[in-house]
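# Summary of the model geometry
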Amino acid sequence: MLRAGIVGLPNVGKSTLFNAVVANAKAQAANFPFCTIEPNTGVVAVPDERLNKLAKISSSAEIIPARVEFVDIAGLVKGASKGEGLGNQFLANIREVDAIVHVVRCFENDDIIHVAGSVDPVRDIEVINLELALADLSQLEKRVDRTRKQAKTSKDAQVEMGVLEKLLVVLNEGKSARLVELTEEEEALIKPLGLLTRKPVIYATNVSEDDLATGNEWVEQVRAIAAQENAQVVVVSAQVESELVELPPEEQTDFLEALGVTEGGLKTLIRATYELLGLRTYFTTGPKETRAWTIRTGMVAPQAAGVIHTDFERGFIRAETVAYKDLISTGSMAAAKEKGLVRSEGKEYVVQEGDVMLFRFNV
């Protein structure tokens, strides 16, 4: 299962947002630093309206959405890379996730203390990013010492040294390793390092409910930073999301409309996290269940089948495939077949977003 870590300075709204994300999570939210020490985790469904429509066509007894695991990681502070504020423990938690949701405070509230005494998202982002970069730099320097010795006799080590040196240049400037363009082969060489600043990032700008629809000047500052890093930005209000959780579904829409938005930032955040990792969804549907399956972009049909079960990949014969929009427009699999919209795809077929598939395989 994919994992996204929620990080940021203390008291920016991480745990409040996490509680809203997982709805029934029990992360403690309080107005003091290091309220969260052990990371809380929660599994959430990826919102996808297509599932309900497919389930209706198939009269499915169950709907199973794709899922993402969110990890609420304690607040980092200046000096975390050197162990300040239990920093080493928190940094280790970040290494274990696939993507980072960096919560940035973009609201004023005298009742919620900011560790630096004022609201300044640019400063806050720089603090977190610098600590992550310093942690990566320390790890890379140790790797370089070992690899340099091996490079005297190993061509593979010489290639790795070239990659490490490119990363060191950027990290020594206090910048993120994800700014360095690497080939697939080079990426594979450094993957075991689990570099913090190489992980994809979404900046979640936490605003007051009054700014949820329009954002504010602080949000624009974050967007400017994100544009330089090829990162994404979503506007959320942790307070609004926590209130939404307490409302019945029929009242949530009215509540959001009153704030001038069509959906909460929570759904946007979950989808953005899912998309950030370069993922696609395909579906299986029938009387028993309609289910969303998560695959990497570029996977071919046997690999997609293997996500369901390894036997499906080993014994793959073909995949009966129809595009989601074609199935919905015709109203049934039988009708789609009559119109020639159901295709028989082989081992080289690259699965597309929204494909509805039935795999044929030998046991």
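Residues numbered from 1 in each chain as written. Predicted model: local features only at pLDDT ≥ 70, side-chain atom pairs only at ≥ 80, totals over all residues. Heavy atoms only, no water.

A few words on the overall build of the chain. Secondary structure summary: the chain contains 14 helices and 12 strands in total. Buried residues in the chain amount to 49% of all 363 residues. Put simply, of all contacts in the chain between residues at least 6 apart along the chain, 68% involve residues at least 24 apart. By element, 49% of the accessible surface of the chain is carried by carbon and sulfur atoms, the whole surface being about 17,900 Å². (Helix = DSSP H or I, 4+ residues; strand = E, 2+ residues; numbered from the N terminus. Buried < 20%, exposed > 50% of the residue type's maximum accessible area, 1.4 Å probe, protein only. Contact = heavy atoms within 4.5 Å. Areas by Shrake-Rupley, 256 points an atom, 1.4 Å probe, with all protein chains shown as cover.)

Across the 6 residues that make up strand β6 (residues 201-206), a large majority, 6, are buried. Burial of β6 is two-sided: the residues V201, Y203 and T205 facing one way and the residues I202, A204 and N206 facing the other way are all buried. By the bridge criterion, 6 bridges tie strand β5 (residues 99-105) to β6 in an arrangement that is parallel. Bridge pairing in β6 links R105 to N206. Across 5 bridges, β6 lies against strand β7 (residues 232-236) in parallel orientation. Looking at the pairing, I202 lines up with Q232 of β7. Running through helix α7 (residues 217-229), the crossover from β6 to the neighbouring parallel element β7 is right-handed. (Pairing = 2+ DSSP bridges. Right-handed = clockwise from strand over helix to strand, strands pointing away.)

Moving on to the nonpolar core. Buried together is how nonpolar side chains tend to be arranged in soluble globular proteins. V21, F70, I94, V101 and Y203 are the most contacted members of the largest nonpolar core, which has 68 residues in total. Counting residues in hydrophobic clusters, the runner-up holds 19 residues, among them L164, L167, L168 and L182. (Core = buried A, V, L, I, M, F, W, Y, C linked by side-chain atoms within 4.5 Å.)

All right, on to the sheet that holds strand β4 (residues 67-72) then. One open sheet holds the 6 strands; their spatial order is β2-β4-β1-β5-β6-β7, and the pairing between them is mixed. Both edges of this open sheet fall to β2 (40-45) and β7, since each of them pairs with a single strand only. If you compare each strand with its neighbour and ignore which way they point, the axes differ by 25° on average. Alignment of β2 against β4, held across 6 bridges, turns out to be antiparallel. Pairing of N40 across the sheet is with D72, part of β4. Those strands touched by helix α1 (residues 14-22) are β1 (2-7), β2, β4, β5 and β7, and its axis lies near 40° from that of β2. (Axes fitted to C-alpha atoms, helices over the stretch in contact; angles between N-to-C directions.)

If you trace the backbone, V307 turns up in helix α11 (residues 301-308). Residue classification places V307 among the partly exposed positions, given a relative accessible area of 34%. Residues V307 and W293, 14 residues apart in the sequence, show an inter-C-alpha distance of 7.5 Å. Excluding anything up to four places from it in sequence, V307 contacts W293, T294 and I295.

Let us now look at α7. Taking 1.5 Å as the rise per residue, α7 with 13 residues should run 18 Å; its terminal C-alpha atoms sit 19 Å apart, in good agreement. Close packing links the buried residues of α7 with β5, α4 (121-150), β6 and β7. If you check the start of α7, you find a side-chain oxygen 3.0 Å away from the backbone N of W218, and it comes from N216. Positive phi appears at N230, one or two residues downstream of α7, with a value of about 60°. (Expected span 1.5 Å × (residues − 1). Polar contact = N/O pair within 3.5 Å; in protein donor to acceptor, adjacent residues only side chain to side chain.)

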